[in-house]
Amino acid sequence: MISRIEELALIARCIAADDRQAFGRLVEEFQDGLRRFLFGLTMGDAALTDDLAQETFLKAYVSIRSFRGIARFKTWLYRIACNEYHAYMRRCHLSVEEPESSDDMEEVHAMIDMRHDIEVGLRQLSATERSIVLLFYIEDRPLKEISHILSMPEGTVRVYLSRSRRKLAAALKEEL
Amino acid sequence: MKRNEDIKTDETLRRILKTGMPQAPASPWFTRKVLNRLPDRQRHRAAWIETAVYLAGLVITTVYGVKFISLMWDEDELTLNDAAIYGVIFALFAMLLYALLEPWFCRVDTAGLQRRNGMARRQ
């Protein structure tokens, strides 16, 4: 894991000298976490995860001059990733707010494997709730940072998290 | 204020999700794919000014060099002072030429290295 100073030095090299090696180092550093987050968000679609992750890094590179360095680079990157995901959902005319209520939910319910229980739980969440759950439980991001990533007030994040907690707890009640 | 029950649920959910969530499949070429898709380098104004200064320097040192050699030719003798001046002009010319061509050599070198690395990985 790179330190904050090293991170800023790499960003400075990208801005000042268009240093692609420095940007490659940033990609190496943050791709695992970002792809894990997007993989959860896309409900396990590996191809879409890679596409969105690549787009996220490209957008980050093109607009790296607008990175002010107040938040961590990772926070900024996750914000771009969330925007990319929501843009993709809009392009495909998929609802960001409405949870999927597909017929195969019953099939998934029939499986008692924990992985499937998690999938069932996550499917019951809206895209925003899913983003919050993944950032809070998997990426261990604090609420303040999540509110920054998703551009919403901290109180709203808290409400979403509480609702998601109830839904997930209901879906995973056998494991709890 | 979070209730104790919520804190307990959070801990359990965190544990379950971290152990049970499927991981994104490894993508060893991911960084390379991203770097290949980056837009072309844009030459900054500073780079153009730098090149222009080097070219001007090269022209000036060439003119002075030629002038100096023709003067030496006319006088028909070479003093230590003349040799020193000629050495300085030549050194300046060489330095400017190197500074002008160095980025180009670097690009060629990097491309060759990437090709060799790619071939080695395929083998």
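Keep in mind the model is a prediction, meaning the values are calculated, not measured. (Residues numbered from 1 in each chain as written. Chains lettered and ligands numbered in written order. Predicted model: local features only at pLDDT ≥ 70, side-chain atom pairs only at ≥ 80, totals over all residues. Heavy atoms only, no water.)

**Quick notes on the overall build of chain B**
Moving on, step 1. Of regular secondary structure, chain B possesses four helices and zero strands.
Moving on, step 2. Going residue by residue from the N terminus, the α and β elements of chain B occur as α-α-α-α.
Moving on, step 3. When the 123 residues of chain B are sorted by exposure, 21% land in the buried category.
Moving on, step 4. Residue pairs in contact within chain B that sit at least 24 positions apart in sequence constitute 65% of those at least 6 positions apart.
Moving on, step 5. For chain B, the accessible surface area stands at approximately 9900 Å², while carbon and sulfur atoms represent 63% of it. (Helix = DSSP H or I, 4+ residues; strand = E, 2+ residues; numbered from the N terminus. Buried < 20%, exposed > 50% of the residue type's maximum accessible area, 1.4 Å probe, protein only. Contact = heavy atoms within 4.5 Å. Areas by Shrake-Rupley, 256 points an atom, 1.4 Å probe, with all protein chains shown as cover.)

**With respect to the environment of A:Asp50**
Moving on, step 1. With respect to the helices and strands, the residue A:Asp50 is situated in helix α3 (residues 46-62).
Moving on, step 2. According to the relative accessible area criterion, A:Asp50 is buried, its value standing at 14%.
Moving on, step 3. On a C-alpha basis, the gap between A:Asp50 and A:Leu34 in space is 9.8 Å, while along the polypeptide they are 16 residues apart.
Moving on, step 4. Beyond its immediate stretch of four places on either side in the chain, A:Asp50 contacts A:Arg35, B:Ser27, B:Phe30 and B:Lys33.

**What about the interface of chain A and chain B?**
Moving on, step 1. Contact with chain A, which involves 38 residues of that partner, is made by 31 residues of chain B.
Moving on, step 2. Regarding the contact of chain A and chain B, the summed buried area is about 3400 Å², with carbon and sulfur atoms giving 66% of it.
Moving on, step 3. There are five salt bridges connecting chain A and chain B.
Moving on, step 4. The residue A:Arg165 makes a salt bridge to B:Asp6 at a minimum N-O spacing of 3.6 Å.
Moving on, step 5. Taken together, the connections running from chain A to chain B amount to 10 residue pairs in polar contact (both at pLDDT 80 or more).
Moving on, step 6. Elements supplying a minimum of two residues to the side of chain A that touches chain B: α2 (20-41), α3, α6 (114-123), α7 (127-138) and α9 (154-171) of chain A.
Moving on, step 7. Residue contributions to the side of chain A that touches chain B peak at 10 residues, all from α2(A).
Moving on, step 8. Of the residues assigned to the side of chain A that touches chain B, the class counts are 22 nonpolar, four polar and 12 charged. (Buried area = accessible area lost by both parts, 1.4 Å probe. Salt bridge = Lys/Arg side-chain N within 4 Å of Asp/Glu carboxyl O. Polar contact = N/O pair within 3.5 Å; in protein donor to acceptor, adjacent residues only side chain to side chain. Nonpolar A, V, L, I, M, F, W, Y, C, P; charged D, E, K, R; others polar.)

**What to know about the side chain of B:Thr61**
Residues and elements named next belong to chain B.
Moving on, step 1. As for its placement among the helices and strands, Thr61 is situated in helix α3 (residues 45-75).
Moving on, step 2. Here the side chain of Thr61 touches Gly57 through a polar contact of 2.9 Å, landing on its backbone oxygen.
Moving on, step 3. At a separation of 3.0 Å, a polar atom in the side chain of Thr61 contacts the main-chain carbonyl oxygen of Leu58.
Moving on, step 4. In contact with Thr61, not counting residues within four places along its chain, are Ile89, Leu92, Phe93 and Leu96.

**A look at the pattern of salt bridges**
Residue and element names in this part refer to chain A.
Moving on, step 1. Overall, the coordinates contain 19 salt bridges over all chains when judged by the stated rule.
Moving on, step 2. Notably, a salt bridge pairs Asp19 with Arg13, separated by 3.0 Å at the nearest N-O pair.
Moving on, step 3. For Glu84, the salt bridge is made with Lys59, and the minimal N-O distance between the two is 2.5 Å. Of this pair, Glu84 sits in helix α4 (residues 73-91) while Lys59 sits in helix α3, placing them 25 residues apart in sequence.

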